[in-house]
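Take a look at the letters that make up each chain.
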Amino acid sequence: MNKPVNDGLWSGTWVAERLGVELLGDDRLTGLVGLALRRNPKRAHLLVSNVLGKHVPQAPSVVYGHGFALGRRVRDLLGAEQSGRAVVLGYAETATGLGHAVADGLGSAPYLHSTRRPVPGIAPAGGFEESHSHATSHLLLPEDPALLACDGPLVLVDDEFSTGNTVLNTIRALHARHPRRHYVVVALIDMRSPSDADRLRQFADRMDAQVSLITTASGTLSLPADVLERGQALVAQHESAQQAASDTEQTPSRASAPTGVEGADVREAPDSQRPWGARRVRRVELWWPRGVPDGGRHGFMPVHRGRLERALPAMAARIAEALPRDARQVLVLGCEELMYAPLRLARELEQVVEAEVRYSTTTRSPVLAVDDPGYAIRTRLVFPAHDDPADGPGERYAYNVAGGGFDAVVAVVDSTADTPGLHAPDGLLARLAEHTPRVLLAVVPSYLPVPPHAPERSPMLPEPLRGPAFSSYAPDEVGWLLQDLSDVTLEAPTEEREEAIQSGGAHYAESLPLEYQPSEQYQELFHTALTASAARIARAVGVVTETILAEVPLRRKSRAGTDETPGTGPVLVSLARAGTPVGVLMRRWARFRHGRDLPHYAVSIVRGRGIDTNALRWLAARHDPHDVVFVDGWTGKGAITRELAQAIREFEEREGITGFDPEIAVLADPGSCVRTYGTREDFLIPSACLNSTVSGLISRTVLRADLVGAHDFHGAKFYRELAGADVSNVFLDAVSQCFPEVADGVDVAAKELLSTDRTPTWEGWGAVERISEDYGIHDVNLVKPGVGETTRVLLRRVPWKILARAGAGADLDHVRLLAGQRGVPVEEVDELPYSCVGLIHPRYTRGATGANGRTVTR
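What counts and what doesn't
- Residues numbered from 1 in each chain as written.
- Predicted model: local features only at pLDDT ≥ 70, side-chain atom pairs only at ≥ 80, totals over all residues.
- Heavy atoms only, no water.
- Helix = DSSP H or I, 4+ residues; strand = E, 2+ residues; numbered from the N terminus.
- Contact = heavy atoms within 4.5 Å.
- Areas by Shrake-Rupley, 256 points an atom, 1.4 Å probe, with all protein chains shown as cover.
- Pairing = 2+ DSSP bridges.
- Axes fitted to C-alpha atoms, helices over the stretch in contact; angles between N-to-C directions.
- Buried < 20%, exposed > 50% of the residue type's maximum accessible area, 1.4 Å probe, protein only.
- Polar contact = N/O pair within 3.5 Å; in protein donor to acceptor, adjacent residues only side chain to side chain.
- Right-handed = clockwise from strand over helix to strand, strands pointing away.
- Phe/Tyr/Trp six-rings, centres within 6.5 Å; stacked < 30°, edge-to-face > 60°.
- Lys NZ or Arg CZ within 6 Å of the ring centre and 35° of its normal.
- 1 Å grid on protein atoms, 1.4 Å probe; cavity = no way out; pocket = protein on both sides within 12 Å on 5 of 7 lines; lining within 4 Å.
- Points joined across faces, edges and corners; volume = space filled by probe spheres on them.
- Nonpolar A, V, L, I, M, F, W, Y, C, P; charged D, E, K, R; others polar.
- Parallel < 35°, antiparallel > 145°, perpendicular 65-115°, else oblique.
- Left-handed = near helix turned anticlockwise from the far one by under 90°.
- Salt bridge = Lys/Arg side-chain N within 4 Å of Asp/Glu carboxyl O.

Trainee: How should I be thinking about the overall build of the chain in this particular structure?
Mentor: Regarding its fold elements, the chain presents 21 helices and 33 strands. Within the chain, residue pairs in contact and separated by at least 24 positions form 76% of the contacts whose partners lie at least 6 positions apart. Element-wise, carbon and sulfur atoms account for 49% of the exposed surface of the chain, whose accessible area totals about 33,100 Å².

This is the structure we're talking about:
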């Protein structure tokens, strides 16, 4: 019998010698599998595949190649016509990726795999038991139940056949519902005894169906009668020795954790003795193609396969860019049932990097680790489950990762598993960081189907929208937690909107104003203002960013009430849309000054309706809420500040999710409404001069019941047709280019600001109330203070008059120009706390007359 390459020693030798087992059959068997001991009362041994990519890291081309080759053999067996009618079914968790590869090799076959993860709202289309497994129940949850109702061949794929019981249980359950003439059973190895093989043939005869078998290799494992007792005793002996060793020896820190000791069940030192390795974790945004499932849990169709193929090169390139330049060995690590997506990413990565790429996945299977070259599981990382499993909390494992010499590990999980548990000090990411200099996290959005005739959309939220598909910003600059309403007509004439809003017939967020198209003179004013203020804005960007970088770790520690090491850092969440350019600039500053890539998202907040709670749920599922910093462009009278505080308070009471700080970080705080700001001066921020053309071509956000369901993000439009007038990146680049010249001044200013009393005085709110009364308006919502808010009044609402501080200079040139174009008087006022204030026409109707703005009775 040929021996595999492992210093000339078969990786099943250790178990074979101690249990008295013997592997018989094809010469290829010892190259395909090794042996280990299960920690399972039902079976003593585990056949460990060297080519499956589960327990043993392997080249992704080898893993995928074995499955694809099996698929080609199935196609040859069935012929073109029957192959076109076939459906492939893989087994969770071990064979989910193998089944995908078989379906790829078959060609145009749809794919479904069983799952042990129940999905709320999705009724099982079938299920079966795996008698020898530690976790027995398999569910079938196809999005389209008709997938299993066809009468074409059914191809069942598993990594090994030990007894054939699982296959019998599956065929029996499915055949009772949807009989068919032909089943094809596919496996890497067939280890059934002759009696088990006869049992399957007899079963097929009783059903009057053909059952074909395709495997890479076959054989049998000769077992002594007392193998279970001997195996359990051996496991107990080694686990006892490992526990004794861990009790008597101090475990080194994470940076030098042991990887080569006998029975290397790798655990960590106590919290007081170790740094948190997860600080070396970096998230990589894949930009997974929208609508493509993360795997075959609910069905994976040929159209999905085509879209994934087209997207893979770009996704692999993003991973490659994030890897250390000197990396020589890289592991792509999947997560339990999520095997295919990481396998395809790893295979694509293998083509574009010089490093040696390996692939494996985490698992639920409890296996003894023994550091011996004749044993298949040399090391074991232990961590808690992080996807809220239906069977409750428990241990999960990553085998043969510690001691693998990997310069980087790319952990690929679905978004359901991207939870605080994943990022916890004892979670998978921290465990990996003990054994590699760099951990990258790539998250694939979990796919949840909409059941046929569902009364409402699925509560599972999509991944953020990104440019260039949505917005003119680069994809890594911001992720929009919005839904795309670009194909919906939402615009209404300004006067019509104003009348509806003030009469109570509509909310301002239910429609959009017509996008203002700036004149050549106005565009020139924008560029002049940008040239004059870019350095001033850059300084404010630097100051507010340095402030949050200094305070968020302290805020998190204080609110958490623990001495835990702070999280990975601030998560910027801009209030769309005015906050978005500021959030992008803050992210750029953090990268420029500190080399840090801060996550950045944009969410919707609507006055009178609150913040998008679905966006908050999405953020809480993927980030520590204590790390979230809400970002806006400027404050006026502080209405949004108050709106956010109330919304967060109500969200926490209703959802039980705590940790979000309602404090807003802004570029300018002339109203003294917040603690975190770049400046409290009321000066012109050029991004306030325009609408979508300076905000990534994105509209103001929309919240309307017929468009936004209970489980939807708020909406917005992407004005692709305005690309010729877009200056979004012109604005960002002009400010970013000033970062080097203001850096030293920012350091001094930020330190001074951090040491001063920044308690809000709400001076602006008091001024607005006085103006509302003095001018007979009696509605603070119609008084818009500050340069930015005044500009919005002139661009979007029906302005009545503009109040300008006496002596205000060039900062108001664009305001004067817009006011002149709309015939709005500009009144100079002494001792105004803002540069200017915009007054909306009170109680407006299109029949309103008179300089006092009072409505004429109709």
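Trainee: Help me understand the sheet that holds strand β17 (residues 408-414) in this model?
Mentor: Think of a sheet as strands paired side by side through backbone hydrogen bonds, with each pair either parallel or antiparallel. Taken together, the 5 strands give an open sheet; going across it, the order is β12-β18-β17-β13-β14, and neighbouring strands pair in parallel fashion. Only two strands of the sheet have a single partner each, and these edge strands are β12 (281-284) and β14 (356-362). Strand-to-strand twist in this sheet, taken as the mean axis angle between neighbours without regard to direction, amounts to 25 degrees. Where helix α9 (residues 340-352) meets the sheet, its contacts fall on β13 (329-335), β14, β17 and β18 (438-444), and the angle it forms with β14 comes to roughly 175 degrees.

Trainee: Got a minute to help me understand helix α15 (residues 613-622) in this structure?
Mentor: Structurally, the α-helix is built with 3.6 residues per turn, so residues lying three or four positions apart point the same way. Taking burial as the measure, the 10 residues of α15 include 7 buried ones, the bulk of the element. Three or more residues of α15 are buried, namely Asn-614, Ala-615, Leu-616, Trp-618, Leu-619, Ala-620 and Arg-622. Measuring from the backbone nitrogen of Asn-614 back to the side-chain oxygen at the start of α15 gives 3.0 Å, which picks out Asp-612 as the cap.

Trainee: Teacher, can you tell me more about the sheet that holds strand β31 (residues 799-805) here?
Mentor: Spatially, the 4 strands line up as an open sheet ordered β30-β33-β31-β32, and their pairing is mixed. One side of each edge strand has no neighbouring strand; the edge strands of this open sheet are β30 (783-785) and β32 (826-829). Each strand of the sheet is rotated relative to its neighbour by a mean of 20 degrees, with strand direction disregarded. In the sheet, β31 pairs with strand β33 (residues 836-840) via 5 bridges, with the strands oriented antiparallel. Counted as the bridge partner of Lys-801 is Leu-839 from β33. Set on the sheet, helix α19 (residues 763-774) makes contact with β30, β31 and β33; between it and β30 the angle comes to about 140 degrees.

Trainee: Sorry if this is basic, but what is going on with the pairing of strand β8 (residues 154-161) here?
Mentor: Residues in a regular strand point their side chains to alternate faces of the sheet. Extensive coverage of β8 is indicated by the burial of 8 of its 8 residues. In this region the chain leaves β8, passes through helix α5 (residues 165-177) and returns to the parallel neighbour strand β9 (residues 182-190); the handedness of that crossover is right-handed.

Trainee: Hey, could you run me through the packing of aromatic side chains in this one?
Mentor: Aromatic rings considered in pairs are described by the distance between their centres and by the relative angle of their planes. Per the stated rule, a full pass over the model turns up 13 aromatic pairs. Ring pairs connect the aromatic residues Phe-470, Tyr-473, Trp-480 and Phe-718, which therefore count as one cluster. Geometry around Trp-762 places Arg-642 over its ring, the cationic atom sitting 4.5 Å from the centre. Over the ring of Trp-800 we find Lys-801, and its NZ or CZ is 4.7 Å from the ring centre.

Trainee: Which parts of the structure should I look at to understand the layout of surface pockets?
Mentor: Vacant regions in the atomic arrangement are exposed by a probe of water-molecule size rolled over the atoms. Its volume calculated, the second largest pocket comes out at about 1,000 Å³. If you trace the second largest pocket, you find 41 residues lining it, with Arg-290, Gly-291, Pro-462, Glu-463 and Leu-465 closest to the centre. Here the lining of the second largest pocket is composed, by residue class, of 25 nonpolar, 6 polar and 10 charged.

Trainee: Where do I start with the packing of α15 against helix α16 (residues 639-655) in this structure?
Mentor: In a pair of packed helices, the angle between the axes and the distance between the axes together describe the arrangement. Relative to each other, α15 and α16 sit at 65 degrees, their axes nearing to 11 Å. The pairing of α15 with α16 is recorded here as roughly perpendicular in orientation. The chirality of how α15 crosses α16 is right-handed. The residues of α16 that touch α15, namely those facing Thr-613, Leu-616 and Arg-617, are Ile-648, Phe-651, Arg-654 and Glu-655.

Trainee: Is there a simple way to think about the pattern of salt bridges in this case?
Mentor: Two side chains that carry opposite charge are able to pair once their charged atoms sit near each other. Applying the stated rule across the entire model yields 36 salt bridges. For Asp-190, the salt bridge identified is with Arg-192, shortest N-O distance 2.9 Å. Neither Asp-190 nor Arg-192 differs from the other in exposure class; each is buried. Look at the salt bridges and you will find they share partners, linking Arg-282, Asp-476, Arg-587, Arg-591 and Asp-597 into a network.

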